[in-house]
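# Fold and geometry: a report
Each chain, written out:
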Amino acid sequence: MNTLTIDIRKAEPRDASAIAEVHQQAWRGAYSGIIPHRTLTSMINRRGVDWWANAIRRAATVLVVEIGGTVAGYATIGKNRARELRQQGEIYELYLRPEYQGIGLGSRLFKAAKARLADHGLRGLVVWALEDNHNALAFYAGNGGRDIAEGVEVFEQKALKKVAFVWND
Ligand SMILES: CC(C)(COP(=O)(O)OP(=O)(O)OC[C@H]1O[C@@H](n2cnc3c(N)ncnc32)[C@H](O)[C@@H]1OP(=O)(O)O)[C@@H](O)C(=O)NCCC(=O)NCCS
């Protein structure tokens, strides 16, 4: 029997192409039929290997979850951007390859991201998800998040509601 090791760690420049692939597959899976096709395609195309390599080298904190040597997902984390919310940390993105969803890796990555933000001295955490992304809403509620605020994001003249989930320490 093979033992698959699961490792959650900071991304390195060599992970850029795997993360670009995860990003493309996860965003297509999650947002096709929600975000207009043209906008979604250009959002995905903007985030190629070079974009990710840059993000990893710069200040952004990118985490990856690796299972049996394959990068199955990533999260980006940092300071909360919404001034009206008092939580100091934010998970900007958390995405898994479609074939690795639903087996607990998202929850593990979420907990690791939350712990890392706390290690950086950031108290409390916020995550935004599109209201139409029902899996994401169930996921954050299931991981103890409280939906506290709403916002709107406009994609090619299509206004989509987003929901903020928060965790307080
Ligand atoms: C949302 C996501 C990060 C969750 O990670 P995951 O590893 O699939 O989730 P887990 O296996 O840890 O599941 C935890 C809970 O999430 C919910 N959930 C996860 N996948 C789900 C699915 N496909 N359908 C319904 N609920 C789901 C369930 O409530 C589950 O609770 P349970 O274990 O009691 O059933 C992952 O599915 C993903 O990347 N989805 C596509 C991209 C996305 O929507 N990202 C979030 C953007 S804000």
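Predicted model only: the values in this text are computed from it and were never measured.

### Some remarks on the sheet that holds strand 2 (residues 61–67)
- A sheet is described by the order of its strands in space; here seven strands give the open sequence 1-2-3-4-5-7-6, paired in mixed fashion. Either end of the sheet is taken by a strand with one partner, and the two such strands are strand 1 (6–10) and strand 6 (146–155). With strand direction ignored, the average angle separating the axes of adjacent strands in the sheet is 25 degrees.
- Judged from the nine bridges that link them, strand 6 and strand 7 (residues 158–167) form a sheet pairing that is antiparallel. The partner of Glu153 across the bridge, within strand 7, is Leu160.
- Here helix 4 (residues 105–119) sits on the sheet and contacts strand 1, strand 2, strand 3 (70–79), strand 4 (89–96), strand 5 (125–130) and strand 7; the angle it forms with strand 4, its principal contact strand, is near 155 degrees.

### Concerning the nonpolar core
- Grouped together as the largest cluster of nonpolar side chains are 26 residues, with contacts concentrated most on Ile19, Trp27, Tyr31, Ile35, Trp52, Tyr74 and Leu130.
- Counting only elements with at least two residues in this core, the list comes to helix 1 (16–31), helix 2 (37–46), helix 3 (49–57), strand 2 and strand 3.
- The element best represented in this core is helix 1, accounting for eight residues.
- Residue contacts for Tyr74: discarding those within four places in its chain leaves Ile19, Val22, His23, Trp27, Arg47, Trp52, Leu63, Val64, Glu93, Leu94, Tyr95 and Leu109.
- Of all hydrophobic cores here, the second largest spans 25 residues; its members include Ala72, Leu94, Leu105 and Trp167.

### Some thoughts on the layout of surface pockets
- When its volume is computed, the largest pocket comes out at roughly 1300 Å³.
- As for the largest pocket, its lining consists of 45 residues, and the residues nearest its centre are Tyr31, Glu93, Leu94, Tyr95 and Trp128.
- Listing elements by their share of the lining of the largest pocket, those giving two or more residues are helix 1, helix 2, helix 3, strand 4, helix 4, strand 5, helix 5 (134–142) and strand 6.
- Classifying every residue of the lining of the largest pocket by side-chain character gives 26 nonpolar, 11 polar and eight charged.

### Concerning the pattern of salt bridges
- According to the stated counting rule, one finds nine salt bridges in the structure shown.
- Residue Arg14 pairs with Asp15 through a salt bridge whose shortest N-O separation is 3.8 Å.
- Take Arg14: its relative accessible area is 58%, and that puts it in the exposed class.
- We note a salt bridge from Arg47 to Glu93, for which the minimum N-O separation is 2.5 Å. In this pair, Arg47 is assigned in the loop between helix 2 and helix 3 and Glu93 in strand 4, connecting sequence segments 46 residues apart.
- Residues joined by salt bridges that share partners form a network here, namely Arg9, Glu12, Arg14, Asp15 and Glu66.

Basis of the calculations
- Throughout, residues of each chain are indexed from 1 in the direction in which the sequence is written.
- The predicted nature of this model means local features are confined to residues of pLDDT at least 70 and side-chain atom pairs, given and counted, to a pLDDT of 80 or more, with totals for whole chains, interfaces and linings taken over all residues.
- To obtain the side-chain values, all non-hydrogen atoms of the structure were used and water was disregarded.
- Paired strands, as defined in this entry, are two strands with at least two bridges between them according to DSSP.
- Strands here are runs of E lasting at least two residues and helices are runs of H or I lasting at least four, both read from the DSSP assignment and numbered beginning at the N terminus.
- Note on geometry: axes are C-alpha line fits, over the in-contact stretch for helices, and angles between N-to-C directions span 0 to 180 degrees.
- Throughout, a residue-residue contact means that at least one pair of heavy atoms, one from each residue, lies within 4.5 Å.
- Note on terminology: a nonpolar core comprises buried Ala, Val, Leu, Ile, Met, Phe, Trp, Tyr and Cys residues joined through side-chain atoms within 4.5 Å.
- Buried residues are those whose accessible area, probed at 1.4 Å on protein chains only, stays under 20% of the maximum for their type, while exposed residues exceed 50% and partly exposed ones sit between those limits.
- Using protein atoms alone on a 1 Å grid, points that fit a 1.4 Å probe yet trap it form a cavity, whereas open point sets bounded by protein on both sides within 12 Å along at least five of seven lines form a pocket; residues with an atom within 4 Å of a point count as lining.
- Grid points are joined across faces, edges and corners, and a volume is the space filled by probe spheres set on the points.
- In the scheme used here, Gly and all other residues not listed as nonpolar or charged are polar, with Ala, Val, Leu, Ile, Met, Phe, Trp, Tyr, Cys and Pro taken as nonpolar and Asp, Glu, Lys and Arg as charged.
- Any Lys or Arg side-chain nitrogen located within 4 Å of an Asp or Glu carboxyl oxygen qualifies as a salt bridge.

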